[in-house]
4 protein chains.
Amino acid sequence: MSTTPDAVTDGRDLSVGMVGYAFMGAAHSQAWRSAPRFFDLPMRPRMTALAGRDAGRVAQAAEKLGWASTETSWQALVARDDIDLIDVCTPGDTHAEIAIAALEAGKHVLCEKPLANSVEEAEAMTAAAEKAAANGVRSMVGFTYRRVPAIALARQLVAEGRLGTLHHVRAQYLQDWIVDPEAPLSWRLDKAKAGSGALGDIGAHIVDLTQFITGDAIGRVSGRLRTFVHERPLPSEHAGLAGTAGSGRGEVTVDDAAVFLAEFRGGALGVFEATRFANGRKNAIRIEINGSKGSIAFDFEDMNLLHFFDGTEDVATAGFRRIVVTEAQHPYVGAWWPPGHLIGYEHGFTHQVVDLVNDIAAGQNPSPSFADGLQVQRVLAAVETSSDTDTWQEITS
Amino acid sequence: MSTTPDAVTDGRDLSVGMVGYAFMGAAHSQAWRSAPRFFDLPMRPRMTALAGRDAGRVAQAAEKLGWASTETSWQALVARDDIDLIDVCTPGDTHAEIAIAALEAGKHVLCEKPLANSVEEAEAMTAAAEKAAANGVRSMVGFTYRRVPAIALARQLVAEGRLGTLHHVRAQYLQDWIVDPEAPLSWRLDKAKAGSGALGDIGAHIVDLTQFITGDAIGRVSGRLRTFVHERPLPSEHAGLAGTAGSGRGEVTVDDAAVFLAEFRGGALGVFEATRFANGRKNAIRIEINGSKGSIAFDFEDMNLLHFFDGTEDVATAGFRRIVVTEAQHPYVGAWWPPGHLIGYEHGFTHQVVDLVNDIAAGQNPSPSFADGLQVQRVLAAVETSSDTDTWQEITS
Amino acid sequence: MSTTPDAVTDGRDLSVGMVGYAFMGAAHSQAWRSAPRFFDLPMRPRMTALAGRDAGRVAQAAEKLGWASTETSWQALVARDDIDLIDVCTPGDTHAEIAIAALEAGKHVLCEKPLANSVEEAEAMTAAAEKAAANGVRSMVGFTYRRVPAIALARQLVAEGRLGTLHHVRAQYLQDWIVDPEAPLSWRLDKAKAGSGALGDIGAHIVDLTQFITGDAIGRVSGRLRTFVHERPLPSEHAGLAGTAGSGRGEVTVDDAAVFLAEFRGGALGVFEATRFANGRKNAIRIEINGSKGSIAFDFEDMNLLHFFDGTEDVATAGFRRIVVTEAQHPYVGAWWPPGHLIGYEHGFTHQVVDLVNDIAAGQNPSPSFADGLQVQRVLAAVETSSDTDTWQEITS
Amino acid sequence: MSTTPDAVTDGRDLSVGMVGYAFMGAAHSQAWRSAPRFFDLPMRPRMTALAGRDAGRVAQAAEKLGWASTETSWQALVARDDIDLIDVCTPGDTHAEIAIAALEAGKHVLCEKPLANSVEEAEAMTAAAEKAAANGVRSMVGFTYRRVPAIALARQLVAEGRLGTLHHVRAQYLQDWIVDPEAPLSWRLDKAKAGSGALGDIGAHIVDLTQFITGDAIGRVSGRLRTFVHERPLPSEHAGLAGTAGSGRGEVTVDDAAVFLAEFRGGALGVFEATRFANGRKNAIRIEINGSKGSIAFDFEDMNLLHFFDGTEDVATAGFRRIVVTEAQHPYVGAWWPPGHLIGYEHGFTHQVVDLVNDIAAGQNPSPSFADGLQVQRVLAAVETSSDTDTWQEITS
């Protein structure tokens, strides 16, 4: 174990400290635990410490999730000499503070998405990351879905030119968990904590994924945000939620849904939709890309499949191919099971750990970087401004 | 047979004259021929006369398609005493002139979509239709897809409240027939003849269908039109196409694709996309509607299916139901085959004839009316203006 | 019109007389009517006469279905000089008598499947057909599903060697129309009229289709027939049904379901299932064939699709291709609509007419022949014997 | 830690020793590791020791898979006092010897399927298990797929009567990993080691699954086994494979495919197919069950989905429901991720560990028991005898 970043990669261990232990914390824990069991890693991750504000609950979580020790503040975690990497799994309003402090302390950082709740914070984080990188400290933002094998295969096909010139990008992230107007308020519906609603929580993913797969960037947007249900019942524990005083209901301060048109810099026309009100769709990340030579289609509700149309085939036998992305030849898959034995949601987190550990060991900057996260944040901000002003907005780069 | 419209409904025959005999002409002919063989109609359609400019070709088409006589001008057809109804199957630039003349001559009119190439023409046609209706002369615009049983069932479900309050409308009309940049110019790529490209040709259908299914109307739009391929080889016969002088290539003067956001008056948020560049998609009319109680999903590439999610079911057994819309209880289906025996594209045209003949016999105005066609035209015009000006556009009603 | 068969092909007309006017009669009528409107035929079918026992009902049917005249016995129809072809659409117990008489009278014959209710009858019909063929009289058995474009494409792929050596044939014909034990008796549940139940009615189709697609023949079978519901309520009109005396219920004398293993002569292993008790499946003809180089899969509930796996492709991008069989390059499709515009159940009947008329005009024997129908009958008989005796049965050829 | 079985359940730990570390060993390791991280278990599994013949390789595997110590014989493992449970992950020819010895030593046993390579061995194992159970020693056979949530839900629906009386069971287990005749020999193709081929390896699963879901048992079978490729190239390491002497190729001594008809005791008619030659199908466990009130359909290539048809619904809106089995209300799912976040193949193994640990702690016999495994073995043996003798075979119970 070492406190100088360069020395880290010389050792066998990578000592991890994680902040937050809810949904993302559980997923990250399983990834740190599983990665070395299936992949050959140059460093061995150690689940050293877990941080959370409530001593009792963090202890219970550490026991359950398998972390060796606990801290009751992220500051204490960052201050520990025996930690090489800080894994930030808290709501977006705390990302900037924690990540910047960690980077300044010479810790590598894995930060959940969205990178931050504002462009300003994301800019500060990116500056900190670039400064730290000069000292060999690495940072990555957790756009985990990039590591779903079918998505990685889609990117390969585009990069190899199998789709030709891209004309259309069609992306939807459809959920329905708050379609019931009596579903309670949560921090995810509170602008102060979450930054935005469907836009930042799930829209961020399809912005990142489509830019990743196409290798292109969104240049302009025209969007519309919408809140369908403006007040919701308070949950039993509601300390810290804004707008809750004096009643059994609280205000929803974020968007329930966000839609936008997008022009990619390379010429493709994009249509995006993120919503928590698509009744019957649970986690449907649906991406279709149409190019001059071919097309791909993906739906996370069938995450082990990629549909690929090769427009150069004989027309009599051309058709979308249902590729079961479980072959050893597919990205990440060789480490898992035989063909046809599916993997699930959390495997993307394991792949993220694998790539991150490899990059740290190799002394190279991981991808997606904080700069990538910042660029996504700029797209989200442009959508929000567009919606507020009824105008098209340019994304500055 | 009769020359006074009111008398028409007293007789047994409905004498039809059709203008145009290409793709739409073939579909309409099969509909006039088949409707009385499967449905009990109050009047018997007679395929009396077919009009086209080239005497030889119209004679050949009449022989092939089963029309009893021919005319070489639509004016001659409209002038005939033995014609009760004019069926307009020509490109959009001629609709207004023919339909208005026919209505003024006391003929019922079935006019292919889009109703016209401009709002102004559509307004004139609507005025003529309303004036004629006062005299018992009926008119209908051919948004045939409304008569696909799965679509009619979707409308029923919405009307019955099975979807609750509507939140999302997601509609795509995806084709790929000109994704090859060497596909030749045709009248459909010529603004003078076609009015617009993907927007008017196929976008019109999804505007009509979503308004039909929801029982709602689009109030505002923000859109983007795009032409991916600006010049194409001229076909062997290219007389009459603009921009063709002095070269083997001609200019594409319409949009290859159109995308737009829409706000429905009732509060639903719409996302629309019409394109002829979706490689691998042949005639994919895809419509999804999400409401507070349920959702529907439809794809014309599986036109006999409707997917319906009932959000009021027990969560453990809820799921999108794949309804095979081939039961006697489904709209239009009882006249055809036993359950599971699919119908095809042209059956919608037969259903259109059935409804039209029934309405004429009953002395009532058919739906969709010319006014409905005009409203669609206004949405299309608003999308075009929005694209030209980078603004949201209101649809005046 | 002519009474000598050879002369028939010299004329322009093919005068058709049809026996029976229920479900199959309606389908055949639409085919005779539509074929010349979409395809270029060497002879023009004339819907000359319709025969049925009840004068009033046959007259009504002829008016509805568009037949020019009627007869109240098939004998009278066969005796008419102005009929060139007899189209047999009656239950199976009458096929042999009508078809043999027609052939002996020099009429071409199109006979619905199954060819007969017993091997003996089918043998007599085949002998009559072969004798007639020597005089230029043609005969065909109506295994219509062969003419679904996706099925015809499947056969092409096998014939071209795209599947390699065939290992597996998996075929199911699943319906559910009598799963309700209170569904009434009908002639289809009466062994005297129908010969057998699911086995002959729908099992016959998958026997024919798999032999057609593979170009191979079934050599041995082990089967099991099962009747789940042994008594059913009598329908309001029940004259002529066996076992109905003195009660409101009658005996089901045929199988509700039939399953069998099959060894194809070429080495493939087959698994077959025909049932009217597959709750939720309406007309699911599902065929999968796996070969050393590739596979195909088909489901009639998506009849415009063929799924094709090309096992010679690179493993990273191999997958079942969803071929939308609506391209001009596909069998029969060029005569219909543009890509993606689906066709339906009855189009197979139209294609059957097209092929039959072409063969008659060309003076060649159509396919499937009565001999093909006999061979299917032998397979069905072997399945029945196998079920009765708990043994494997050879199919003699 | 304790050496008397009863005392085990009083402690907090359950000390596991595993024999074998190939494919199944990796899956079981992940299950032992993950179960306590997601589920609340009454005992804490300890991955105490791993046994394998090659000291170097077993040490490497233990390091990779996370086992605390190693043994080079299963006998040594069974002899250890600090082991409470033996997890048998070796080929089928060794199951009986290891499991019986372990049971006799008072160790709980989890034994991979098929329980044994012969009915005789399975009978001996079952006798040993029953004797041990009297002393509080538990045993379970690893038919893991029972613990896929969609399968568990299917069983629930049948048990609740949602399908009514069962008519049809249709089950296929389709793989294609040896369709290439040049795929090398492996122990799975060697009768001495594997007992049988597709029949025992994958056919065993669908026998167990259909009996599990239906709550019924197969009473009679008529089957056919087939070997398509009789000789294959030897792998580089081929010591111990039979029939390999003196050449570069060895004999395949097991079936490549097995098909059989089955009569369930409760009256349902079954059709089964297990093959490693279904080109393009990777791990397609496909099960359909049709009953008088409803149906279910499942395909492991979409393992998070269950399709359910409720035949009691209004016919106009009835249809197979695509249930995404990722809700907290679904079996096992509550411990994992939010709705729509899929799980994968190995999660079934985790659920198996969860159920096993709960049963051990509660002092009750787990399911499926060795007796269940024996019954499956009897079905497999009956299929084999049936194929050898061309007869139907009864399954004695």
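What counts, and at which threshold
Residues numbered from 1 in each chain as written. Chains lettered and ligands numbered in written order. Predicted model: local features only at pLDDT ≥ 70, side-chain atom pairs only at ≥ 80, totals over all residues. Heavy atoms only, no water. Helix = DSSP H or I, 4+ residues; strand = E, 2+ residues; numbered from the N terminus. Rg over C-alpha atoms; globule rule 2.2 N^0.38 Å. Buried < 20%, exposed > 50% of the residue type's maximum accessible area, 1.4 Å probe, protein only. Contact = heavy atoms within 4.5 Å. Lys, Arg positive; Asp, Glu negative; His and termini not counted. Charge placed at Lys NZ, Arg CZ, Asp CG, Glu CD. Buried area = accessible area lost by both parts, 1.4 Å probe. Salt bridge = Lys/Arg side-chain N within 4 Å of Asp/Glu carboxyl O. Polar contact = N/O pair within 3.5 Å; in protein donor to acceptor, adjacent residues only side chain to side chain. Nonpolar A, V, L, I, M, F, W, Y, C, P; charged D, E, K, R; others polar. Domains from an automatic or database assignment.

Caption draft 1: Quick peek at the overall build of chain A. Helix and strand content of chain A: 11 helices and 17 strands. Relative to a compact globule of 397 residues, whose C-alpha radius of gyration would be 21 Å, chain A shows 21 Å and is just as compact. In terms of overall dimensions, chain A has C-alpha extents of about 65 × 55 × 40 Å along its principal axes. With 397 residues in all, chain A has 67% of them scored as buried. Across chain A, every contact between residues at least 6 apart in sequence was considered, and the portion connecting residues at least 24 apart equals 71%. Averaging the locations of the 35 positively and 50 negatively charged side chains of chain A gives two centres separated by 2 Å.

Caption draft 2: Region of interest: the interface of chain D and chain C. Opposite the 43 residues of chain D that make contact, chain C presents 43 residues. Across the chain D/chain C interface, buried area totals approximately 3,600 Å², and carbon plus sulfur atoms make up 52% of it. For the chain D face of the interface with chain C, the top three residues by lost area are Leu261(D), Leu269(D) and Asn279(D), together amounting to 16%. The residue Glu288(D) makes a salt bridge to Arg286(C) at a minimum N-O spacing of 2.5 Å. Counting across the interface, chain D meets chain C through 25 residue pairs in polar contact (both at pLDDT 80 or more). Looking at the side of chain D that touches chain C, the elements that each hand over two or more residues are β7 (166–174), β8 (218–226), β11 (257–264), β12 (269–275), β13 (284–291) and β14 (294–299) of chain D. Residues that form the side of chain D that touches chain C fall into these classes: 16 nonpolar, 15 polar and 12 charged.

Caption draft 3: The domain arrangement of chain A, seen in detail. Residue and element names in this part refer to chain A. Domain parsing of chain A yields domain 1 (5–145) and domain 2 (149–302 + 304–343 + 376–389). Domain 1 and domain 2 are separated by 25 Å when their C-alpha centres are compared. Between domain 1 and domain 2 the total buried area reaches about 1,800 Å² when both faces are included, carbon and sulfur atoms providing 64% of it. Together, Phe 38, Phe 143 and Tyr 145 form the three largest contributors to the area buried by domain 1 at its contact with domain 2, with a combined 41%. In this assembly, domain 1 and domain 2 are joined by two salt bridges. Where the side of domain 1 that touches domain 2 is concerned, the elements lending two or more residues are α2 (23–38) and α6 (119–133). By residue number, the principal contributor to the side of domain 1 that touches domain 2 is α6, which donates three residues.

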